[in-house]
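# Chain and residue survey
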Amino acid sequence: MRRDDVRFAAAARDDGIHKISKFTWRAGAAGVACSALIAVAFGHHVATNQSSTDNNGGSSHSQQPAAGNNGGGSNQGSSSQGSSNQGNGGIVVPAQPPASSQGGGQVTSGAS
Amino acid sequence: MTTLAVGTDSFSVFGTTATLLVSDPGLLDDARAIADAELAAVDMACSRFRPDSELSRLNGSGGAVVPVSSLFAELVEAALRAARLTDGDVDPTCGQALEEIGYDRDFAVLQAAGARSPLSAPVTLGVPGWRCVRLDRKRGLVQLTDGAQLDLGATAKAWAADRCASLIAAATESGVLVSLGGDIAVAGPPPADRGEGRGGGWGVRVTDDHAAGPEAPGQTVTIRSGGLATSSTTVRTWAVAGQRVHHIIDPATGRPAVSCWRTVSVTAGSCVDANTASTAAIIRSEAALAWLQEACLPSRLVRQDGTVETTAGWPSDPGPA
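Note that this is a predicted model, so its numbers are computed, not measured. (Residues numbered from 1 in each chain as written. Chains lettered and ligands numbered in written order. Predicted model: local features only at pLDDT ≥ 70, side-chain atom pairs only at ≥ 80, totals over all residues. Heavy atoms only, no water.)

Before going further, it helps to examine the side chain of Ser 109 of chain A. Summarising the element assignment, Ser 109 of chain A is placed in strand β2 (residues 107–111). For Ser 109 of chain A, the residues in contact, after removing those within four places along its chain, are Gly 182, Ile 184, Val 204, Arg 205, Val 206, Thr 207, Leu 228, Ala 229 and Thr 230 of chain B. (Helix = DSSP H or I, 4+ residues; strand = E, 2+ residues; numbered from the N terminus. Contact = heavy atoms within 4.5 Å.)

On to helix α7 (residues 271–284) of chain B, then. Residue and element names in this part refer to chain B. Given a rise of 1.5 Å per residue, 14 residues ought to cover 20 Å, and the 20 Å separating the end C-alpha atoms of α7 matches this to within 8%. Across the 14 residues that make up α7, a large majority, 14, are buried. Of the residues trailing α7, Ser 285 is marked for its positive phi of about 55°. (Expected span 1.5 Å × (residues − 1). Buried < 20%, exposed > 50% of the residue type's maximum accessible area, 1.4 Å probe, protein only.)

What follows covers the state of the cysteines. All names here are of chain B. In this structure the tally under the stated criterion is zero disulfides over all chains. With no disulfide partner, Cys 132 has as its closest neighbouring cysteine sulfur the one in Cys 94, 12 Å distant. The cysteine Cys 260 is free of any disulfide, with Cys 94 supplying the nearest cysteine sulfur at 20 Å. (Disulfide = S-S within 2.5 Å.)

Looking now at the nonpolar core. Phe 72, Leu 75, Leu 150, Leu 152, Val 176 and Val 178 of chain B are the most contacted members of the largest nonpolar core, which has 50 residues in total. Sequence-distant contacts of Leu 75 of chain B, that is, excluding residues within four places in its chain, are made with Val 42, Ala 45, Cys 46, Leu 152, Ala 156 and Trp 159 of chain B. Of all hydrophobic cores here, the second largest spans 23 residues; its members include Ile 91 of chain A together with Ala 288, Leu 297 and Leu 301 of chain B. (Core = buried A, V, L, I, M, F, W, Y, C linked by side-chain atoms within 4.5 Å.)

Moving on, we come to the sheet that holds strand β1 (residues 99–100) of chain A. On the basis of which strands lie adjacent, the open sheet formed by four strands has the order β1(A)-β9(B)-β8(B)-β2(A) and mixed pairing. Since the sheet does not close on itself, it has two edges, and those belong to β1 and β2 of chain A, each with one partner. For β1 of chain A and strand β9 (residues 219–223) of chain B, the ladder comprises two bridges, and the chain directions are antiparallel. Residue Ser 100 of chain A lies in a different strand from β9 of chain B, and its bridge partner there is Val 221 of chain B. (Pairing = 2+ DSSP bridges.)

Residue and element names in this part refer to chain B. Tallied over the entire structure, the rule returns zero aromatic pairs over all chains. Here the guanidinium or amino end of Arg 32 rests over the ring plane of Phe 11, the centre of that ring lying 3.8 Å away. In this arrangement the basic side chain of Arg 284 is found over the ring face of Trp 291, its NZ or CZ atom lying 4.3 Å from the centre. (Phe/Tyr/Trp six-rings, centres within 6.5 Å; stacked < 30°, edge-to-face > 60°. Lys NZ or Arg CZ within 6 Å of the ring centre and 35° of its normal.)

Where charged atoms from two side chains of opposite charge approach closely, those side chains can pair. Within this structure, the stated rule accounts for 17 salt bridges over all chains. Between Arg 13 of chain A and Asp 14 of chain A there is a salt bridge; the shortest N-O distance is 3.2 Å. Residue Asp 14 of chain A is classed as partly exposed on the basis of its relative accessible area, which comes to 43%. Arg 81 of chain B serves as the salt-bridge partner of Asp 273 of chain B, at 2.6 Å between the closest nitrogen and oxygen. (Salt bridge = Lys/Arg side-chain N within 4 Å of Asp/Glu carboxyl O.)

Bringing the packing of helix α1 (residues 28–46) of chain B against helix α3 (residues 70–85) of chain B into the picture now. When two helices pack together, their arrangement is captured by the angle between the axes and the distance separating the axes. Residue and element names in this part refer to chain B. Orientation of α1 relative to α3, taken along the N-to-C sense of each, is 75°, at an axis distance of 9 Å. Classified by the angle their axes make, α1 and α3 are roughly perpendicular. Note on element contacts: α3 touches α1 through Leu 71, Phe 72 and Leu 75, opposite Glu 38, Ala 41, Val 42, Ala 45 and Cys 46. Residue classes in the contact of α1 with α3 are distributed as seven nonpolar, no polar and one charged. (Axes fitted to C-alpha atoms, helices over the stretch in contact; angles between N-to-C directions. Parallel < 35°, antiparallel > 145°, perpendicular 65-115°, else oblique. Nonpolar A, V, L, I, M, F, W, Y, C, P; charged D, E, K, R; others polar.)

Given below as structure tokens:
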């Protein structure tokens, strides 16, 4: 092989490596950008879902309503005199237990 | 001691009896108007026996996503909350199970019709489950999957009692008690003193049947806030092929619950919470005693033989019911 051919081949090789390297960097940068976008979108999705759950609704991204277990946390329109709020925590205990009384009572509580 | 006058009104609603008490008798008409409007709206939303109700429309939707009113969404939400708080023991997807045992029409009509045909064999064991109910409060959408059929009977009446009491107290600034078939909600300032050593608060006779008189076997207590509800297997029963059945469905079997308790009364921060706990207690049977105690819910549980157990500060009972 002649010396010029070697030089030409080496130059062509270096040029190829440079192009591949340049392409690789660009592909890598694009990948990082895509990943960042996906992460942001996912974070937004999770935040929206969490917000919907807290407000007893479904995901705003879905065409379907949220499943039943997203239904908690309501203000039940109660007399709101319990000892705590009527949210997700559990069955709300009364502010005070019933007191013993005499006589027949003003109303009757039984099954209907 | 002074016995305070209380305005009282009774009327029929949801196939049962409603009683309205207000501490200022002059406000009774206003209170009744508020209750009538609210109860009519609830009935229109979630009656299983009205073909034009939102509930009937949803149950007939074949699993489609159905737009619903804000009120109906709230009622569904309350039912889902009850299911979640009881690990599914109070499940709103009992509609099909109730129909299978013959409860497919208004209860008065059901009773008049006499004995129903034998129980059909259950297609599947248990009910579809509350997780088959998809609710989107923001967009006002509900979807039933897996063939689920809703019945909001376990929570809607108590929820409506809470709602009426809250609205009336806010509008009239009067103390109010709303009883819908024995599911009781109170709001506003309670009566200060009922005289004759009865102390303050609203006097409630706790017994098996809400339609029983004030001297029926049971116990009288006073409550000052929140709600009191009673669930029982002795009322709302009917005959199916010679067998008595009742309306409290055990979601695990899809059949009327078999319980060591005949009647359970619970007080809680609201009527819907009290009713959630009393219904779950019937279904949980013996395990309910520890559950109610741990949840700090004052309760009175009556065994099938009349023996009474109490939890969490419920006042002592004078004897067997």
